[in-house]
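Spelled out from the first residue to the last, the chains are:
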Amino acid sequence: MTDYSRYQTFHITRRGKDGGVIDLQMKAANGKLPTAGHDGHWELSEIWRDIDKDDSVRCAVLRGEGMGFSGGGDLALVQDMASDFAVRTRVWKEARDLVYNVINCDKPIVSAMHGPAVGAGLVAGLLADISIAARSAKIVDGHTRLGVAAGDHAAICWPLLCGMAKAKYYLMLCEPITGEEAERIGLVSLAVDDDQLLDKAYEVADKLAAGSTTAVRWTKYSLNNWYRQAGPSFDTSLALEFMGFGGPDVHEGVASLRERRRPNY
């Protein structure tokens with residue numbers, strides 16, 4: 001069984017028969033929302049490699065602690081990315097690895113999204129094999145609000161999940177989507193009442209864990225070839241996003257978020 005003690009930004013527990021379901025809860029900062037700082041961003045990209053290699057895992061559940069699923073990137077990390085080339089290139093690689101590691105992890109992944117779902121956490125949440133959202137969840141891709149292109153996962157999956165017209169509307173305008181609306185347009189697998197979210201996620205995870213491992217994993221692998229075909233579009237979008245982190249607009253984006261005002265681009 002793999003030692004997950006190096007991961008400090010997750011609560012990691014086991015459930016189900018022989019502990020075959022690994023429960024990954026992203027820790028909330030100050031009890032509010034999980035945010036991806038320097039450590040959290042790397043851990044969220046890396047943990048899927050260990051789960052892929054861990055023969056004791058049959059399914060993974062990803063969820064958030066506190067008031068929501070994920071609160072987006074820590075502004076200190078964003079500021080460092082905007083001002084330090086070495087940080088920017090390191091986080092670019094982590095962002096790339098996060099997407100491909102989730103796609104290539106052979107174990108099925110179930111996400112349970114409540115409250116705000118933004119940033120790096122949202123990447124894993126939407127790329128999960130079964131994505132479940134509370135009806136009141138608030139899904140937002142905040143890149144254009146920050147002053148950078150909607151890179152990380154958007155180009156690889158949003159057009160496929162909800163269609164190009166909806167993808168452009170929500171990504172270019174940075175409009176929020178409720179869990180209920182996300183299910184209606186096909187962005188998530190299921191939307192459930194808020195108080196049923198975790199029970200439903202565990203129910204689905206337990207079913208996946210009890211199924212034929214080869215049948216489930218090979219089905220995931222073959223279906224994810226749709227994402228792999230979109231790899232060049234994703235790589236371009238990520239490069240454009242990180243080029244934006246070296247430009248002027250991101251500084252105004254960060255300042256407007258700190259000052260809780262609209263940006264003036």
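Everything discussed here concerns the structure shown above.
Nothing here was measured: the structure is a model prediction, and the numbers come from that model.

1. Thoughts on the overall build of the chain
Broken down by element type, the chain carries 13 helices and 10 strands. Relative to a compact globule of 265 residues, whose C-alpha radius of gyration would be 18 Å, the chain shows 17 Å and is just as compact. Across its three principal directions, the C-alpha atoms of the chain cover 55 × 40 × 40 Å. Across the 265 residues that make up the chain, the buried fraction comes to 49%. Of the roughly 12,100 Å² of accessible surface on the chain, 54% is carried by carbon and sulfur atoms. With 30 positive and 35 negative side-chain charges, the chain shows a spacing of 1 Å between the two charge centroids.

2. Section: the nonpolar core
Membership of the largest hydrophobic core comes to 78 residues, with the highest contact counts inside it found for Trp48, Ile51, Ile156, Trp158 and Leu187. Residues within four places of Trp48 in sequence aside, it is in contact with Leu24, Ala60, Leu62, Leu98, Asn101, Val102, Cys105, Ile109 and Ala124.

3. Examining the pattern of salt bridges
Under the defined criterion, the tally for this structure stands at 20 salt bridges. Asp23 is the salt-bridge partner of Arg63, the closest N and O atoms lying 2.9 Å from each other. On the criterion of sequence distance, the pair formed by Arg63 in strand 3 (residues 59-64) and Asp23 in strand 2 (residues 21-26) is long-range, its members being 40 residues apart. Grouping residues by exposure puts Arg63 and Asp23 together as buried. Between Glu46 and Arg49 there is a salt bridge, with the nearest N and O atoms lying 3.1 Å from each other. Pair noted here: Glu46 and Arg49 are both in helix 1 (residues 38-53), with a separation of 3 residues, about one helical turn. Because the salt bridges share partners, they merge into one network encompassing Arg6, Glu46, Arg49, Asp50, Lys53, Lys93, Arg96 and Asp97.

4. Some words on the sheet that holds strand 1 (residues 10-15)
In sheet architecture, strand pairing relies on hydrogen bonds along the backbone and comes in two forms, parallel and antiparallel. Pairing in this open sheet of 6 strands is mixed, and the strands run 1-2-3-5-7-10 from one edge to the other. The sheet is open, and its two borders are formed by strand 1 and strand 10 (190-192), each paired with just one other strand. Neighbour-to-neighbour, the strand axes of the sheet open up by a mean angle of 20°, direction not taken into account. The sheet contact formed by strand 3 and strand 5 (residues 109-113) spans 4 bridges and is parallel. Bridge pairing in strand 5 links Arg63 to Ala112.

5. Focus on the packing of aromatic side chains
Summed over the entire model, instances satisfying the criterion amount to 6 aromatic pairs. Centre to centre, the rings of Tyr7 and Trp42 are 6.3 Å apart; their planes meet at 20°, and the pair counts as stacked. Here Tyr7 is found in the segment before strand 1, whereas its partner Trp42 is found in helix 1, with 35 residues between them in sequence. Look at Tyr7 and you get buried, because its relative accessible area is 4%. Taking relative accessible area as the criterion, Trp42 reaches 31% and is therefore assigned partly exposed. Ring centres of Tyr100 and Phe234 lie 5.3 Å apart, and the angle between their planes is 85°; on these two criteria the pair is classed as edge-to-face. Residue Tyr100 is found in helix 3 (residues 85-104), and its partner Phe234 is found in helix 12 (residues 231-244); the two are separated by 134 residues along the sequence. For Phe234, a relative accessible area of 0% puts it in the buried group. Taken together, the ring pairs in this structure connect Tyr4, Tyr7, Phe10 and Trp42 into an aromatic cluster. Over the aromatic face of Tyr202 sits the side chain of Arg15, whose NZ or CZ is 3.8 Å from the ring centroid. Over the face of the ring belonging to Tyr221 we find Arg228, whose NZ or CZ atom lies 4.2 Å from the ring centre.

Procedures and definitions
- Residues numbered from 1 in each chain as written.
- Predicted model: local features only at pLDDT ≥ 70, side-chain atom pairs only at ≥ 80, totals over all residues.
- Heavy atoms only, no water.
- Helix = DSSP H or I, 4+ residues; strand = E, 2+ residues; numbered from the N terminus.
- Rg over C-alpha atoms; globule rule 2.2 N^0.38 Å.
- Buried < 20%, exposed > 50% of the residue type's maximum accessible area, 1.4 Å probe, protein only.
- Areas by Shrake-Rupley, 256 points an atom, 1.4 Å probe, with all protein chains shown as cover.
- Lys, Arg positive; Asp, Glu negative; His and termini not counted.
- Charge placed at Lys NZ, Arg CZ, Asp CG, Glu CD.
- Core = buried A, V, L, I, M, F, W, Y, C linked by side-chain atoms within 4.5 Å.
- Contact = heavy atoms within 4.5 Å.
- Salt bridge = Lys/Arg side-chain N within 4 Å of Asp/Glu carboxyl O.
- Pairing = 2+ DSSP bridges.
- Axes fitted to C-alpha atoms, helices over the stretch in contact; angles between N-to-C directions.
- Phe/Tyr/Trp six-rings, centres within 6.5 Å; stacked < 30°, edge-to-face > 60°.
- Lys NZ or Arg CZ within 6 Å of the ring centre and 35° of its normal.

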